[in-house]
Amino acid sequence: MPHRDRQPGWRDQPEAAAGGPRLLGAGHETKALLNNSGPRYKRSKLERQMNCDVLWCVLLLVCMSLFSAVGHGLWIWRYQEKKSLFYVPKSDGSSLSPVTAAVYSFLTMIIVLQVLIPISLYVSIEIVKACQVYFINQDMQLYDEETDSQLQCRALNITEDLGQIQYIFSDKTGTLTENKMVFRRCTVSGVEYSHDANAQRLARYQEADSEEEEVVPRGGSVSQRGSIGSHQSVRVVHRTQSTKSHRRTGSRAEAKRASMLSKHTAFSSPMEKDITPDPKLLEKVSECDKSLAVARHQEHLLAHLSPELSDVFDFFIALTICNTVVVTSPDQPRTKVRVRFELKSPVKTIEDFLRRFTPSCLTSGCSSIGSLAANKSSHKLGSSFPSTPSSDGMLLRLEERLGQPTSAIASNGYSSQADNWASELAQEQESERELRYEAESPDEAALVYAARAYNCVLVERLHDQVSVELPHLGRLTFELLHTLGFDSVRKRMSVVIRHPLTDEINVYTKGADSVVMDLLQPCSSVDARGRHQKKIRSKTQNYLNVYAAEGLRTLCIAKRVLSKEEYACWLQSHLEAESSLENSEELLFQSAIRLETNLHLLGATGIEDRLQDGVPETISKLRQAGLQIWVLTGDKQETAVNIAYACKLLDHDEEVITLNATSQEACAALLDQCLRYVQSRGLQRAPEKTKGKVSMRFSSLCPPSTSTASGRRPSLVIDGRSLAYALEKNLEDKFLFLAKQCRSVLCCRSTPLQKSMVVKLVRSKLKAMTLAIGDGANDVSMIQVADVGVGISGQEGMQAVMASDFAVPKFRYLERLLILHGHWCYSRLANMVLYFFYKNTMFVGLLFWFQFFCGFSASAMIDQWYLIFFNLLFSSLPPLVTGVLDRDVPANVLLTNPQVYKSGQNMEEYRPRTFWFNMADAAFQSLVCFSIPYLAYYDSSVDLFTWGTPIVTIALLTFLLHLGIETKTWTWLNWITCGFSVLLFFTVALIYNASCATCYPPSNPYWTMQALLGDPVFYLTCLMTPVAALLPRLFFRSLQGSVFPTQLQLARQLTRKSPRRCSAPKETFAQGRLPKDSGTEHSSGRTVKTSVPLSQPSWHTQQPVCSLEASREPSTVDMSMPLREHTLLEGLSAPAPMSSAPGEAVLRSPGGCPEESKVRAASTGRVTPLSSLFSLPTFSLLNWISSWSLVSRLGSVLQFSRTERLADGQAGRGLPVQPHSGRSGLQGPDHRLLIGASSRRSQ
Amino acid sequence: MAMNYNAKDEVDGGPPCAPGGTAKTRRPDNTAFKQQRLPAWQPILTAGTVLPIFFIIGLIFIPIGIGIFVTSNNIREIEGNVFMYYGLSNFYQNHRRYVKSRDDSQLNGDSSALLNPSKECEPYRRNEDKPIAPCGAIANSMFNDTLELFLIGNDSYPIPIALKKKGIAWWTDKNVKFRNPPGGDNLEERFKGTTKPVNWLKPVYMLDSDPDNNGFINEDFIVWMRTAALPTFRKLYRLIERKSDLHPTLPAGRYSLNVTYNYPVHYFDGRKRMILSTISWMGKNPFLGIAYIAVGSISFLLGVVLLVINHKYRNSSNTADITI
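Residues numbered from 1 in each chain as written. Chains lettered and ligands numbered in written order. Predicted model: local features only at pLDDT ≥ 70, side-chain atom pairs only at ≥ 80, totals over all residues. Heavy atoms only, no water.

The name given to chain B in an unreviewed UniProt entry is Cell cycle control protein, with Pan paniscus as the source organism.

Below, the structure is given as structure tokens:
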């Protein structure tokens, strides 16, 4: 996050004023806008699919109309010759030709049957989505107490996409972490200070937090919040207020809320500030302090200290001053602070300068500096100065330094400023505790606060001096000679100061351990001191490793003492570099590198970038839900990896592939190497082998976490530069393939544009549903590109939120948003869409069947007004209520069994198969609803509308009953709306049929309904027809429910079981849910050896045990399963039956597998030995049927053809095959891990 | 209304809203509706739960079906009122253009519509520059055969059966929908300026001698104008009223039907029929009864299948329960 780390802003850089003109990107030139690719109209996946099906409906409509037209043509041709009495000629008496009649009939039919195009569906969907958004907004558990914000849905039209996400792209800082750095531990001089008390304190915060949330009286906090809110415009004031307020009330929730408001500048959370010092270290520090205070005026002061104490002292000095932290006092408005910077005491500067150089120049071997200084002091500029261009530049600079303050005196008057300053100083000392630190990066602030806890207080930082206050020594003022800022290549920063006690010039360096450890002074192993140093270093390195393992951000602190000569030499070249016009950055870089060598290691710190609450849990839940999580961050690789470990994105016992390439070629080579490596592990076939079309087919459909047969999948870490190469056209496929094989992907140091490119790549190549979540302006482009963009609100301005579709207060809310609301939204909408298609088709079907009995004349037995109002009034409300309120799986089950989410990823509820199944059912039902009244009224005296009205009634009842079968939760609203619909229909019909005897030409339904209500046949048909129409569906559903339940049905059945079985099932949920357990628990299970040939390219390769490795060595993959495995749960946790009990289902002899599976593949498309089916608990059989029922094969064929099309585009690019798992999804986490664990054992 | 619904709140949310009222947080209300915790009946469709429904359907439908079937088959002895129908097949009275070809205003006695019928009646709107009354194809194609029924007694002297012309149309049609045009006492005068439909033999005001059954309110005409739903239909023609409780309406014996043949049906492969029936609402249509029996049996059968399935798979779910 470049802007966060490196652009502290003008106010933090007093030098900026003097630094000459700067080019600032503003307006449309800002990074945010340049990275912004403009708004994108998002349409949800479900809606796209629906539009496709609407087109099918259009096609169907045309077909029906065409059929009808031909029929009518034939009818006319048959009857007009015969002077039939019922044949009505044209108005001029001439008769229509059959062809013209057919054309007219076609057009009329289109109008009559246009109900088939579900226009009302679009309206209904909008309404349902609006309600869904309302409910998401209203969810109390998505409300964040601390920030008083709830989840905002900014996009109204993609709620159901939340239920189909496959990839999550997350920012790190501020998204996974709180962007709050907390000092945790440190090592000084090889001694570790574990800061246990501090850790306990942090733990207490955590507890207190949860307690307080319940205890805090809500009424009492109101005034606080109000006052904060009102001061929000005046930043400085409100910050003061906020700190005070939390101190007064002591309420942490309150404090957190306050700090949230001012977070981007001040790091005022007590958690970060109030560090409990480690007693041992504190003792050492105060010992240092005391002894130094005593020996203050002696020569060689530091020599009095032992080397360790000296290191301790230097360590804390380094912590305090080696940074760019700006000190402000909350009592003073910021403006004053800034004035103080500008009007620094000039005399002091001059004196400093003279003092700084006078003594040294005399002894200096570096003549130019010496003479310069001398000349300076006597104000004889340039007289004896060597006239090289570089020194000229230097000279000018020095002159500037002197000249500027002088003018300041002239303009402002010195004495008054001095007074001001003095008074400020007094104030400052008085309210020392109130000092506030503002740093460009939170790490720095954390370190300064840590030092403060050890009474080493940074009290002032001016342009050229830093003051540190110690209890005994008092204020020490360090002259700040140079600050070599942080950059990402050096990965360190340094300050050059003159030590006030020793008068030495010291360099304090703080940087990433990987870099700093290499820059240390080589120590000879000959003398004792060197050996000691070596020991210290190795100890420190050990501790660093420990820190990293704990997920802490590690920094090394080192020191270098410069002799005057060394400094003078370096200064010259440095000044040259500074003044150089071209290439100055490079020169400065070189100069910094020259300085930062031969360092003396002081110690290391471990800072915790505090994860947001619940991040590891959320990540593991999301993973169980089949989501692939990639982290794209602008941060350093080390930091990113640390955080990834901390939030369980990476596991310590899994492999991490790190891709750091410096050139395109290197990157290509590395990628190849990685692919080979992955291949050699037998994880997946390499892309080179799978260029053929056949094997490419399912690559686009399969969810990301497809089965990798053996071993844990590695994780990929890639840095920004390599990413740039990897995203090139020729490498992107390889990269993508590699990334897909990895359990998690971490992109560090990536630019906003790269983030969006990665997202775009995954979206376009894998055809996956992506979600991007971030909090800063640099995440905007990624958020915009992803299918669903989620912004984290309240941390870093509003840019991410503005660009996002959903804004959540914290990362952890993502779990509930996706797993609960996403699933519900998807399932509700999918079911509603299907229902609307069904409804319209069924209704149109009635009209269509009638055409066979009215000469295809486009006549309708249903009154025109019923035709119009049927969709609008009578049958609209119940599906809407169901679409809004239905909960197919209860909330608690969804949250405890995230696997259910996969049904959305696999589009289980609404896919071509279900659509056509649905349409077929609609056709059947309409046929029943038409033919029963037809046969019942056959050869009777019934007239057109007296016959049509029962049909409408029957249709309405059938719709409602159908909805009843599909409704999973019946609230009172469902009952009421259903009753209301029926009531409304009869009321409207009765009123309408009594209203007018001669109106509504040409057809008049006068008194029809009234007459019908007195007709027993009406009741008899209305009772029987809906029942007859719905029997098959009801039967199928109940059969499915007990014989081959889908995951969702299983989950639903679990709820029914759980209350009865007390708490027992909950425990099992936990077992089944936590993938880790399954790895360890299964040790005593029975072992099954399997092998399946690889050569079958189609769906049975999804069989997870059919790995490359397995085929090479027929008896390698040991799969162990406990005998006591709950099949119901199993079926739930892994989508398909095969995976539900893999240990049992694949029980077969090693040799027998290939032939057997081939046979079975041919017949069913699935590999299941019959013998095992019978010997098994029936559940796996049932599951097996469920996933590959008769209908499903049709669906798979359809998918097949579709994916083929997609695959064509990818053919030859080297995208690897992914076994088709659209339906079966054998990659349940339990399963995968299980295999992983066992195969590791076998290796 | 929905918002205030407060069902038994399950305690799984945070603290409820502060009663103080002054608190104005964005915290959503903890109501069952907003938190989507409305109490709900959650039916789970499995063999076990659904099979009672199938049995119940079967048990209800089969007796109903048998009842209907017996009733419809019992129309044998002709007692009580007898309905006399004429039936036509392959006659498309439901054709789109045919159905529209009428003017309800004219039939309702509207004088302006009488002389200026609706355009829907084309091409049967005017004939020789005179408006047709009643206009349109439906009226034009009115069934005009005359059916007479005779009982051939023992003395082989046919006794005509009294056929009642009135009471065969819907009461609302006769009294509300159809009215003769206003005007003088003479019906012919009221229809002055109109001409008869092309196919008719006589004008509308000469359909019957009874003034209460003449003109637009002639019940044969009204019955015809109620267009049949399906190409095979029957229309009520006459009523044979029961004279006394002692004698059957139509005693056993030989009957002869005298048809005055005006109506051609062989052009369009149609057929004419005469039907006698005692109940008007079902006719001799055994379908409903059979359908009820069939649906009931299927349902019962499916219930049995589910029972078997449930029995078979209950074991597995039981074992599942145990292993939970």
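Asks: Would you mind showing me how to read the overall build of chain B here?
Replies: Counting its secondary structure elements, chain B contains 9 helices and 8 strands. Relative to its 324 residues, chain B shows a buried fraction of 49%. When the accessible surface of chain B is totalled, it reaches about 15,900 Å², and 56% of it is carbon and sulfur. (Helix = DSSP H or I, 4+ residues; strand = E, 2+ residues; numbered from the N terminus. Buried < 20%, exposed > 50% of the residue type's maximum accessible area, 1.4 Å probe, protein only. Areas by Shrake-Rupley, 256 points an atom, 1.4 Å probe, with all protein chains shown as cover.)

Asks: What should I look at first to understand the packing of helix α38 (residues 912-936) of chain A against helix α39 (residues 944-966) of chain A in this one?
Replies: Residue and element names in this part refer to chain A. Two elements in contact, α38 and α39, have axes whose closest approach is 10 Å; the angle formed by their N-to-C orientations is 145°. Remark: the crossing between α38 and α39 carries right-handed chirality. In this structure, α38 contributes D921, Q925, C929, F930, P933 and Y934 to the contact, and α39 contributes W947, I951, I954, T958 and H962. (Axes fitted to C-alpha atoms, helices over the stretch in contact; angles between N-to-C directions. Left-handed = near helix turned anticlockwise from the far one by under 90°. Contact = heavy atoms within 4.5 Å.)

Asks: So what exactly am I meant to see when it comes to unusual backbone geometry here?
Replies: A negative phi angle is the norm for most residues apart from glycine, just as the trans form is the norm for most peptide bonds. Omega for the bond connecting E122 of chain B with P123 of chain B falls within 30 degrees of zero, at 0°, which places this linkage in the cis form. Mapped onto the elements of the fold, P123 of chain B is located in the loop between α4 (111-115) and β2 (126-127). Cis geometry marks the peptide bond from A133 of chain B to P134 of chain B; its omega dihedral reads -10°. By the element assignment, P134 of chain B lies in the loop between β3 (130-131) and α5 (137-140). Phi is positive for F856 of chain A, which is not a glycine, with a value near 50°. If you trace the backbone, F856 of chain A turns up in the loop between α33 (813-851) and α34 (864-874). Unusually for a residue other than glycine, W1007 of chain A sits at a positive phi of about 65°.

Asks: Please explain helix α5 (residues 98-112) of chain A as it appears in this structure.
Replies: For α5 of chain A, spanning 15 residues, the distance from its first C-alpha to its last is 20 Å, which sits close to the expected 21 Å at 1.5 Å a residue. Those residues of α5 of chain A lying buried are A101, A102, S105, M109 and V112 of chain A. Buried residues of α5 of chain A fall within an arc of 100° about the axis and therefore sit on the same side. In α5 of chain A, the exposed residues that point more than 90 degrees away from the buried face are V99 and I111 of chain A. Where α5 of chain A is buried, its residues touch α4 (45-79) and α33 of chain A together with α2 (96-100) of chain B. (Expected span 1.5 Å × (residues − 1). Arc of directions from axis to C-beta.)

Asks: Can you walk me through the packing of aromatic side chains in this structure?
Replies: Aromatic rings in a pair are described by how distant their centres are and how their planes are angled relative to each other. Here the structure, examined in full by the defined rule, presents 69 aromatic pairs over all chains. Between Y866 of chain A and Y992 of chain A, the ring centres sit 5.9 Å apart and the planes meet at 75°, which makes this aromatic pair edge-to-face. Of this pair, Y866 of chain A sits in helix α34 while Y992 of chain A sits in helix α40 (residues 972-995), placing them 126 residues apart in sequence. Looking at Y992 of chain A, the relative accessible area reads 10%, which means it is buried. Against the face of W170 of chain B rests R226 of chain B, its NZ or CZ located 3.6 Å from the ring centre. Cation over ring: R238 of chain B sits above Y237 of chain B, and NZ or CZ is 4.0 Å from the ring centre. (Phe/Tyr/Trp six-rings, centres within 6.5 Å; stacked < 30°, edge-to-face > 60°. Lys NZ or Arg CZ within 6 Å of the ring centre and 35° of its normal.)

Asks: How do you make sense of the sheet that holds strand β5 (residues 158-160) of chain B when you look at a structure like this?
Replies: Sheets are built from strands paired through backbone hydrogen bonds, the pairs being either parallel or antiparallel. Residues and elements named next belong to chain B. In space, the 3 strands of this open sheet follow the order β5-β4-β7, with antiparallel pairing throughout. Two strands bound the open sheet, and with one partner strand each, they are β5 and β7 (254-260). On average, each strand axis in the sheet is tilted by 35° relative to the strand beside it, whichever way the strands run. Summarising the sheet, strand β4 (residues 146-152) and β7 pair through 7 bridges and their orientation is antiparallel. Note on β7: the bridge partner recorded for L151 is Y255. (Pairing = 2+ DSSP bridges.)

Asks: Looking at this model, I keep getting lost on the interface of chain A and chain B. Mind explaining?
Replies: Accessible area lost upon the coming together of the parts serves often as the stated size of an interface. Listed per partner, the contact involves 110 residues of chain A and 99 residues of chain B. For the pairing of chain A and chain B, the buried interface totals around 9,600 Å² over both sides, and the portion due to carbon and sulfur atoms is 65%. Of all residues in chain A, L85, F86 and M140 of chain A give up the largest surface area on contact with chain B, accounting jointly for 8% of the area buried on that side. Counting across the interface, chain A meets chain B through 5 salt bridges. Here D939 of chain A makes a salt bridge to R273 of chain B, at a shortest N to O gap of 2.8 Å. Between the two partners, chain A and chain B, sit 26 residue pairs in polar contact (both at pLDDT 80 or more). Per-element accounting of the side of chain A that touches chain B gives the leading share, 17 residues, to helix α42 (residues 1016-1042) of chain A. A per-class count over the side of chain A that touches chain B returns 57 nonpolar, 32 polar and 21 charged. (Buried area = accessible area lost by both parts, 1.4 Å probe. Salt bridge = Lys/Arg side-chain N within 4 Å of Asp/Glu carboxyl O. Polar contact = N/O pair within 3.5 Å; in protein donor to acceptor, adjacent residues only side chain to side chain. Nonpolar A, V, L, I, M, F, W, Y, C, P; charged D, E, K, R; others polar.)

Asks: Which parts of the structure should I look at to understand the confidence of the model for chain A?
Replies: It should be kept in mind that the predicted coordinates are not to be read in detail where pLDDT is low. Confidence along chain A averages 71 in pLDDT terms, with 64% of residues attaining 70 or more. Confidence drops under a pLDDT of 50 for residues 210-268 of chain A, and excluding neighbours within four residues, the segment shows 95 contacts in the predicted structure. (pLDDT = per-residue confidence, 0-100.)

Asks: Can you help me understand a nonpolar patch on the surface in this one?
Replies: Residue and element names in this part refer to chain A. A grouping of L55, V58, V62 and L66 is seen on the molecular surface, where their side chains present a nonpolar patch of about 310 Å² in accessible area. Turning to its location among the elements, L55 is positioned in helix α4. Take L55: its relative accessible area is 59%, and that puts it in the exposed class. (Patch = residues over 30% accessible without salt bridge, like charges linked within 9 Å, V, L, I, M, F, W, Y side chains within 5 Å.)

Asks: Quick question: what am I supposed to make of the nonpolar core here?
Replies: Soluble globular proteins tend to bury their nonpolar side chains together. Counting residues in hydrophobic clusters, the biggest one holds 118 residues, and the most contacted among them are L113, F837, F843, M861, Y910 and W947 of chain A. Sorting elements by how many residues they give to this core places α33 of chain A first, with 17 residues. Apart from the residues lying within four places of it in its own chain, the contact partners of W947 of chain A are F850, M861, F930, P933, Y934, Y937 and V942 of chain A together with A229 and L230 of chain B. By size, the runner-up hydrophobic cluster in this structure holds 55 residues, among which are V188, L305, I321 and A453 of chain A. (Core = buried A, V, L, I, M, F, W, Y, C linked by side-chain atoms within 4.5 Å.)

Asks: Honestly, the domain arrangement of chain B in this entry has me stumped. Any pointers?
Replies: Domain parsing of chain B yields domain 1 (47-66 + 288-316) and domain 2 (76-279). On a C-alpha basis, the centres of domain 1 of chain B and domain 2 of chain B stand 47 Å from each other. (Domains from an automatic or database assignment.)

Asks: Just to check I follow, could you spell out the pattern of salt bridges for this structure?
Replies: Working definition: two side chains of opposite charge can pair if their charged atoms are close together. Residue and element names in this part refer to chain A. As enumerated under the stated definition, the model contains 46 salt bridges over all chains in all. Salt-bridge contacts for K129 lead to E47; the nearest nitrogen and oxygen are separated by 2.2 Å. Placement of the pair is K129 in helix α6 (residues 119-138) and E47 in helix α4, with a sequence separation of 82 residues. Across the pair, E47 and K129 agree in class, each one buried.

Asks: It is not clear to me how the environment of G776 of chain A should be interpreted in this structure. Could you clarify?
Replies: All names here are of chain A. Relative to the helices and strands, G776 resides in the loop between β18 (770-774) and α31 (780-785). Look at G776 and you get buried, because its relative accessible area is 0%. In this structure the C-alpha to C-alpha distance between G776 and S941, which are 165 residues apart in sequence, comes to 75 Å.

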